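Examining the three-dimensional arrangement
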Amino acid sequence: MFYEPSADPKALPLAIDPFKSLVVPRPIGWVTSIGPDGAINLAPFSFFNAVGDSPPVVAFAPQGSKPDRPIKDTLANVMATGEFVCNLATYALRDKMNLTSARLPAGVDEMQAAGLSPVPARLVKPPRVAESPAQLECRLLQIIDLPTWDPAERQALVIGQVIGIHIDDSLIKDGRVDIVSVQPIARLGYSLYATVDNSFRMPRPD
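Residues numbered from 1 in each chain as written. Predicted model: local features only at pLDDT ≥ 70, side-chain atom pairs only at ≥ 80, totals over all residues. Heavy atoms only, no water.

Looking now at the side chain of Ser46. Position of Ser46 among the secondary structure elements: in the loop between β3 (40-45) and β4 (48-53). Judged by its relative accessible area of 18%, Ser46 falls in the buried class. Setting aside residues no more than four positions away along its own chain, Ser46 makes contact with Arg26, Pro27 and Arg187. (Helix = DSSP H or I, 4+ residues; strand = E, 2+ residues; numbered from the N terminus. Buried < 20%, exposed > 50% of the residue type's maximum accessible area, 1.4 Å probe, protein only. Contact = heavy atoms within 4.5 Å.)

Turning to the pairing of strand β9 (residues 134-145), a few remarks are in order. Walk down a regular strand and you will see the side chains alternate between the two sheet faces. Here strand β6 (residues 83-87) runs beside β9; their pairing, made up of five bridges, is antiparallel. Note that in β9 the partner of Phe84 across the bridge is Cys138. (Pairing = 2+ DSSP bridges.)

Glancing now at the pattern of salt bridges. Under the definition given, this model contains four salt bridges. Connected via shared salt-bridge partners are Lys66, Arg69 and Asp73. (Salt bridge = Lys/Arg side-chain N within 4 Å of Asp/Glu carboxyl O.)

Now for the packing of aromatic side chains. Evaluation of the coordinates by the stated rule reveals two aromatic pairs. For the ring pair Phe45 and Phe60, a centre distance of 4.9 Å and an interplane angle of 45° mean the geometry is tilted. Pair noted here: Phe45 is in strand β3 and Phe60 is in strand β5 (residues 56-60), with a separation of 15 residues, a long-range link. Considered together, Phe45 and Phe60 belong to a single accessibility category, that of buried residues. (Phe/Tyr/Trp six-rings, centres within 6.5 Å; stacked < 30°, edge-to-face > 60°.)

Moving on, we come to the sheet that holds β3. As summarised here, the arrangement of the seven strands in space is β3-β2-β6-β9-β10-β5-β4, forming an open sheet in which the pairing is antiparallel. Of all the strands in the sheet, the pair left with one neighbour each is β3 and β4. Taken over all neighbouring pairs, the strand axes of this sheet differ in orientation by 35° on average, direction set aside. Strands β2 (29-34), β3, β5, β6, β9 and β10 (156-167) of the sheet are contacted by helix α2 (residues 73-81), whose axis makes an angle of about 55° with β2. (Axes fitted to C-alpha atoms, helices over the stretch in contact; angles between N-to-C directions.)

With respect to the element layout, Thr74 can be found in helix α2. Aside from chain neighbours lying at most four places away, what touches Thr74 is Val31, Ser33, Asn41, Ala43, Phe45 and Phe60.

The biggest cluster of nonpolar side chains holds 16 residues, and the ones touching the most others in it are Val31, Val58, Phe60, Phe84, Cys86, Cys138 and Val158. When sequence neighbours within four positions are dropped, the list of residues in contact with Cys138 reads Val58, Gly82, Glu83, Phe84, Cys86, Val124, Gln161 and Val162. Listed in part, the 12 residues of the second largest apolar core include Ile40, Ala89, Met97 and Val129. (Core = buried A, V, L, I, M, F, W, Y, C linked by side-chain atoms within 4.5 Å.)

Omega for the bond connecting Val24 with Pro25 falls within 30 degrees of zero, at -15°, which places this linkage in the cis form. For Pro25, the location among the structural elements is in the loop between α1 (19-22) and β1 (26-27). Put simply, Ser54 and Pro55 share a cis peptide bond, and its omega is 10°. Here Pro55 shows up in the loop between β4 and β5. Of note in the backbone geometry, Tyr190 takes a positive phi value of approximately 55° without being a glycine.

We now examine the sheet that holds strand β14 (residues 193-195). Ordered in space as β1-β13-β14, the three strands form an open sheet in which the pairing is antiparallel. Because the sheet does not close on itself, it has two edges, and the strands there are β1 and β14. As judged from the two bridges shared by β1 and strand β13 (residues 185-187), these two strands associate in the antiparallel manner. Bridged to Pro27 within β13 is Ala186.

Spelled out as C-alpha cells, the structure:
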C-alpha cells in the first residue's frame, strides 16, 4: 500500500488514517501547567518525546482548539508562563490520565477533577502529580508553529529544557532506574495504548 496524506478522508485508502499507528509506541507527555491566574491544568499529549540529553530537552505538540478558546489550555499557559512539568503516566494511573484528556472549560483543574494530588515543584510554579513516580520540571526554550490543514486548528511544537528531575526511590535498583517495574504507558494508533513491561539489553558494537 502507498498513499499520500490528505485532509480529505475520501482520499485515504483506509477508513481511518493509519499514520499514528505506524509511529509507535509514543510516550505520553502528561503535562502540568499553570495559568497567569494560578489555575492548574493537566493534560496528556501523545506527540511527546525526549529530543536531547546534554542538556536534557523534551518536546510535545499541542494541536487543535477548544470550544471556549482558539488554542489548548496547556499551550496558552506555557506561552504565558514559560514553565511546565512532565509527569510519568503508568498503567496504574491509566484511568486518571484518561480523565485528564476531557475537554473541560478553561480554568477547570483537571488534576482535581481526576482525583489526583498536586505537590509543589522545586524550580517551577506548575505542580507535579504526586501519584506519578517521576516528573520533569521544564523551562520553555521555544515554540514552533507547524503546518496545519485547518488554519483554525493551531499545531505547535513546544520545546523545553529539563531543569529538575524527580524520581521515586522505589524505581532505583542497583544504581539504575527500573522503569519496567512501573509499566509506563504509551500511545498507539486509534484508541489503543501499550505498556512497557519487558526489556532487553543490546550493547552497541565497538
